Amino acid sequence: MRKIDVFDTTLRDGEQSAGINLNTAEKLEIAKQLERFNADVIEAGFPASSQGDFEAVKKIAQTVKGSIITGLARSVKSDIDTSWEALKYGEQPHIHIFLATSPIHMTHKLKKTPDQVVEIAVESVKHAKKKFPLVQWSAEDAFRSDPEFLIRVVKEVIKAGATTINLPDTVGYATPSEYGAMFRHLKENVPGIDRVKLSAHCHNDLGMAVANTIAAIENGADQVEGTINGLGERAGNAALEELAVALHIRKDKFTFGTDVKLDEIKRTSQLVSQLTGMAIQANKAVVGKNAFAHESGIHQDGMLKERTTYEIITPELIGENSTQLVLGKHSGRHAFKNRAIELGFELSDEKINEAFKNFKVLADKKKEISEDDLYVLLTDQQIQEEDVPVYELKSVQVQYGNGSIPTASVSVISPDGDLLQEASTGSGSVEAICNTLERLVKGTVHLLDYRVTSIGKGRDALGEAVVNMTYNGKSVTGRDVAQDVLEASAKAYLNAINRQLVNESKKSYAKTV
Ligand SMILES: [Zn+2]
């Protein structure tokens, strides 16, 4: 079986999607999970785009050793040099340089002639090669590029030392047969192409990202790029969990496969959804809530007689564990810590103690603590960033009656350490809380979107709130969980504000992207 490398770009292309902004601790947490998922390459960010991205990529390159860590760079020396400072800590330093090659992009965006584009591409690969053993070069908008020009530029960058050539369908325009044909054309016409790895990168604008990626493999691609839950610019990238499961389930047909640890899919997907605040659609393939739910009577009857009548994938394959965890209010710290270790968390004693305190509070309200609850509690501890002073919720109280105007009183500790209190009304309880908080925090808030979901199942499930807003003109998303949705909402609101305060404290030095 031919092995296909998996290049995960959840932290770069995925993080680029509207409304997502992850801090360093969250990115590190996702990167560590991607390592367990067994991604061959993790694109950890775009180091030259901001100080925050630089720090996150550096931290991931220093920490994650089981996957190759890469970062995106424009075809300019300063980007490549900055990337080196972040990526040099990796076991095998890898850089991903891109340059547009389609007539539309070259004329309107780059304002360069094809000859100039070849020259810039070759120069940047040569410059990168002085430092990086692994250089991936991407022809941005490759699919809409002139095939003969593509052959020319790819031939030159291979000569300059590129080790991987990526041919993206940047705008998600290709059909499977066309995208596959592009790979075959290059395979047949570029001298030296067998020395490098060919990579596919597809967007899902027409819903064909995964199908296009498979067509590329069938025509010579050895690496596939994508994201968890299909996150990414616009309609997103190819969903890696779908790709890995499709190749596995249809191994009767395909002569290639990935080394992805399929039983880590569920957890990886949940973690990414939790930290990005991007909910997974219920009917999404492989990881949606309903992906294994059989609703119609005929289907259910069939399932009871023989599972394979309607089931091609089992929940167990992707690590969906139906056994409930037996931790309750009488469980001790020792049992809690053991469980955390079993679940793969590495927390300091201080953080374990903090998580245990939260666990006890929750166990008082909820009889059985599920594995989903534990993941949330422990992940929340893992991603605490303590260096910048932020707002902290002290108390929230809401008065509601269907005949009266909802009123909220809230107290918070400000970043300066002062106790602030306010009360305000709203047309609903959540609005009353938001109006009160808006008065309490310094700066201008404009709420864009608000969503509450439950974590796990059951009437006493944890509530998760996601708040999307602009704060001082910058779009930011906040999220938090609590047993009560109103408390979760208040905490999510402050979480958004706090994220922006942390962002503002880190100066952005991106010129243009
Ligand atoms: Zn992309």
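Residues numbered from 1 in each chain as written. Predicted model: local features only at pLDDT ≥ 70, side-chain atom pairs only at ≥ 80, totals over all residues. Heavy atoms only, no water.

**Q** Is there a simple way to explain the environment of G456 in this structure?
**A** On the secondary structure map, G456 appears in the loop between β14 (445–455) and β15 (462–471). Between the alpha carbons of G456 and S427 there is a distance of 30 Å; along the sequence they are 29 residues apart. (Helix = DSSP H or I, 4+ residues; strand = E, 2+ residues; numbered from the N terminus.)

**Q** I keep staring at the coordination of the zinc ion and nothing clicks. Help me out?
**A** Reference geometry at the metal: tetrahedral coordination by four donors gives ideal angles of 109.5 degrees; octahedral coordination by six donors gives 90 or 180 degrees. Only D13 (OD), H201 (NE2) and H203 (NE2) from the protein reach the zinc ion as donors, at distances of 2.0 to 2.2 Å. Within one chain, the residues donating to the zinc ion are spaced in sequence as D-x187-H-x1-H. For H201, a relative accessible area of 5% gives the class buried. The exposure class of H203 is buried, given its relative accessible area of 4%. (Donors = N, O, S within 2.8 Å, 3.2 Å for Na, K, Ca; no water. Buried < 20%, exposed > 50% of the residue type's maximum accessible area, 1.4 Å probe, protein only.)

**Q** I tried to follow the UniProt feature "binding site: Mn(2+)" (unreviewed entry) in the protein chain on my own but got confused; where do I start?
**A** If you check UniProt for "binding site: Mn(2+)" (unreviewed entry), the listed places come out as D13, H201, H203 and N237 in our numbering. A maximum C-alpha distance of 10.5 Å among these annotated residues, which run over 225 residues, shows that they cluster at one spot. Within the secondary structure, H203 sits in the loop between β8 (197–202) and α9 (209–218). If near-sequence neighbours (up to four positions away) are discounted, H203 is found in contact with D13, D169, T170, G172, A209, E233, R234, G236 and N237. (UniProt positions renumbered as here; feature names shortened; annotations may be inferred. Contact = heavy atoms within 4.5 Å.)

**Q** Is there a simple way to think about the sheet that holds strand β13 (residues 419–425) in this case?
**A** Remark on secondary structure: sheet strands pair via backbone hydrogen bonds, oriented parallel or antiparallel. Taken in spatial order, the three strands of this open sheet run β11-β12-β13, and their pairing is antiparallel. On the outer flanks of this sheet lie β11 (392–399) and β13, each paired with one strand and no other. Within the sheet, the average angular offset between the axes of one strand and its neighbour, ignoring direction, is 15°. Bridging between β11 and strand β12 (residues 407–413) involves seven bridges; their strand directions are antiparallel. Looking across to β12, one finds that S395 is bridged to S411. Helix-sheet contacts for helix α16 (residues 429–440) involve β11, β12 and β13, and the interaxial angle to β13 is about 140°. Contacting β11 and β12, helix α17 (residues 485–505) crosses the sheet at an angle of about 140° to β11. (Pairing = 2+ DSSP bridges. Axes fitted to C-alpha atoms, helices over the stretch in contact; angles between N-to-C directions.)

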